[in-house]
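# Summary of structural features
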Amino acid sequence: MRKLRVAILAGTVVVIGAAIATYMLSHKGYLPEPKPVPEGARALSPTTQVIARGEYLAQAGDCVACHTEPTGKPFAGGRAMPTPFGNIYVPNITPDDETGIGQWSADDFYRAMHTGVTRNGTLMYPAMPFASYTKVTREDCDAIFNYLQSVTPVKQKNRPHELRFPFNRRDLLVGWRALYFKEGEYEPDPTQSTQWNRGAYLVQGLGHCSMCHTAINALGGSREAQAFEGGMIPNQNWYAPSLTSNREAGLADWSIEDIVALLQRGISMRATVYGPMAEVTYNSLQYMTDDDAEAMAVYLKTLPQRDSEGPPPSSARLVQPSVMESGRRNYEKQCAMCHGGEGKGFPPAFPPLAGNQSITMSSPVNSIRMVLNGGYAPGTRKNPRPHGMPPFSHILNDEEAAAVVTYIRVAWNNTGTPVTPAQVNELRKLLPE
Amino acid sequence: MGPRSNFRPDPSSSHCRAVSFLVRGCLLLIGVLPAHAQQEAVPSYRAIDSLEARVQGCVTCHGQSGQGTSNGYFPRIAGKPAAYLYNQLVAFRDGVRQYPPMNYLVAYLPDAYLREMAEHYSKLRPAYAPKEPVPADPQLLPRGKTLATEGDAARQIPACVTCHGTTLTGMNPGIPGLVGLRSAYIAAQLTRWRVGDRRTAEPDCMKRIAGRLSERDVASVAAFLAQQEAPADAAPESPNFVRMPLACGSQR
């Protein structure tokens, strides 16, 4: 049922235009450390400051992405979350007394975030990332609660989930929780810096990055030992790359500057975010302060590198000359204008393909998707007018698309393997969802 | 090279069968278009830090200048009123207008940028593609002409030209030009409106009109509109000269 949690990123969302107020306290420690309040902000009451911090933390947790329908009122819920087990309908978390969380107390809210148990005692489905949110401190939970109580209440009844048997039986969640849920606030690692701990706190807690970047099993669960090792995102047909492998999205040899740019802007000199990660950047990461984005980068860069597989042997990388020629021809005609004859791109506008881990990693799913459907990087505060790539699904047939993806995976000393027309066809039938 | 299945309307829905012959007619047309039509859909730009480079995400379907491509289902967008284009981009982003390839592409783009894109294409005036050859059923044309130029008073269907402009180049701020569109696209959109798939700001005048059209009306008016020559001045009309027969939310 871990899959439910992962599926939480599906679809598009209305953006909340609220920028972080300039008076926002930025915090360096894993626990917020109030900085001297800037001159112009002195008039703000403590209540206002808590609510502003709660708003920021709600953005860090990307609450709006799931709890708001594309054209609906913020946090009013109702959004259908397709999962392998049926549809989940996200609840209303506006402070409406009848249909929202207007009658909840701060204790109720903390229990929900920390233990995945709602006010009336029912167990939450793990589509709600409480296994990550359990790491959030009481103080931060309270700030988020105060913020949610301050938004406009919306009277909108929650819609019952449409889950198949046996997944519609909440009592079975007891078993799931025994296997995959460990309650507990984040424990700082005393051997690491305050900055590293702040980054770990955000990544493991509110960021709930492991929802997508950790492989999930048939029960929708995932093991902590495999944290951040990557996996397919159910119902979305995107591959969330491993953050612990330099053959995928491991960041060990990235500069902090590039990681911060990728998280905050959605573009960098090395890669660009698309698909579900573009949504995370759009709704959440672009609002992170420079200090917090850097803390996350510092932590992500130190994730243990444990490549489960070595680079593919040269025998696996053999490509038929005719396929290579077809790929090269279409690359020159359609791709080289933006990605350059040598695959170096024109970063950060157009990402490089040569040496790009997301091109060469063993799953070709994302590369095939990009060729078929194109994509725009998210429009963010620091990159509000992103460049985009057009779809080619109507121009290249399966053989041609497979050849061009093969070409970019093996040309310029790239260490990827060939893809087959069948792999392209499979995604063509599914996409865009 | 024809469109792939995921770029066509869902073939399982009944209303699509009604226009499938038009789509097939369009596929035939693709075979006879000159080679340069394809070239105009290949990514190309002069300066990387330009809007021209930023909108390369549009060109394989809508052409380098928004003139449309040989695929009849991808509309010409150049010269349509900026507010119309902006409304469509926002509707695609928010899922109000559903077409998965577009919904996906613009999902995470902010209002200001979508407005800039809309204004960019509204100002372009590329040459029009040659009009479509006569459709398989020339019987459709007289009925199409009547609907487009006179309407059908008995059924309270206003003429297309009343709001979309006497030369079919649209009306500012929110009504699109129809000239230069292919019959497959027009028929598919009217059909989507008839069945409630496509909608716009209330009061939704096109919903009222499309609901009064029969399937044959749709095919007729689409066939006729796709035959019309582009005028020398392709600019949309000003809204000041017309009292519209139906109230339209997109004009407010």
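Residues numbered from 1 in each chain as written. Chains lettered and ligands numbered in written order. Predicted model: local features only at pLDDT ≥ 70, side-chain atom pairs only at ≥ 80, totals over all residues.

## Topic: the interface of chain B and chain A
The parts lose accessible area when they come together, and the size of an interface is often stated as this lost area. The criterion, for reference: By the criterion used throughout, residues are in contact when their C-beta atoms, derived from the backbone, lie within 7 Å. Numbered from the N terminus, helices here are DSSP runs of H or I no shorter than four residues, and strands are runs of E no shorter than two. All amino acids are sorted into three groups, where Ala, Val, Leu, Ile, Met, Phe, Trp, Tyr, Cys and Pro are nonpolar, Asp, Glu, Lys and Arg are charged, and the leftover types, Gly among them, are polar.
The interface of chain B with chain A comprises 34 residues on the first partner and 35 residues on the second. Looking at the side of chain B that touches chain A, the elements with two or more residues in it are α3 (51–54), α4 (59–62), α5 (82–94), α6 (100–105) and α7 (111–123) of chain B. No other element matches the five residues that α6 of chain B contributes to the side of chain B that touches chain A. A class-by-class count of the residues in the side of chain B that touches chain A yields 22 nonpolar, eight polar and four charged.

## Looking at the confidence of the model for chain B
Residue and element names in this part refer to chain B. Heads up, the rule is: pLDDT runs from 0 to 100 and stands for how confident the predictor is about each residue.
Of all residues in chain B, 84% attain a pLDDT of 70 or more, and the chain-wide mean is 85. The lowest-confidence element of chain B is helix α1 (residues 14–32), averaging 40 in pLDDT; the highest-confidence one is α7, averaging 98. Counting contacts from residues 1–38, a segment whose pLDDT is below 50, to residues more than four positions away or on other chains yields 55 contacts. Taken over the whole predicted complex, pTM reads 0.86, whereas the ipTM for its chain interfaces reads 0.86.

## Considerations on α7 of chain B
Residues and elements named next belong to chain B. Stated precisely, the cut-off is as follows: Multiply 1.5 Å by the residue count of a helix minus one, and that product is the helix's expected span. Three exposure classes are used. Buried residues have 20 or more other C-beta atoms within 10 Å of their own C-beta, exposed residues have 12 or fewer, and partly exposed residues fall in between, all C-beta atoms being placed from the backbone. As used here, the arc belongs to the directions running from the helix axis to the C-beta atoms.
Here α7 contains 13 residues, and its C-alpha end-to-end distance of 19 Å stays within 8% of the 18 Å for a straight helix at 1.5 Å per residue. Within the span of α7, buried status applies to Leu 114, Met 117, Ala 118, Tyr 121 and Ser 122. The buried residues of α7 occupy an angular sector of 130° when projected down its axis, which confines them to one face. Residues of α7 that are exposed and angled more than 90 degrees away from the buried face: Ala 112 and Lys 123. On the buried face of α7, the contacting elements are α5.

## Examining the nonpolar core
As a reminder, the rule being used: A set of buried Ala, Val, Leu, Ile, Met, Phe, Trp, Tyr and Cys residues, joined to one another through C-beta atoms within 7 Å, is what we call a nonpolar core.
Within the largest apolar cluster, 165 residues are counted, with the highest numbers of intra-cluster contacts made by Ala 401 of chain A together with Ala 222 and Leu 225 of chain B. Among the elements that make up this core, the one with the highest residue count is helix α16 (residues 398–410) of chain A (eight residues).

## So, the sheet that holds strand β2 (residues 86–89) of chain A
Residue and element names in this part refer to chain A. Selection criterion: DSSP-based pairing: two strands are paired if at least 2 bridges between them are found.
Spatial ordering of the open sheet is given by β1-β2-β3, a layout of three strands whose pairing is antiparallel. In this open sheet, the two strands that pair with only one neighbour each are β1 (80–83) and β3 (162–163). As paired elements, β1 and β2 share four bridges and run antiparallel to each other. Within β2, the position partnered with Pro 82 by the bridge is Asn 87.

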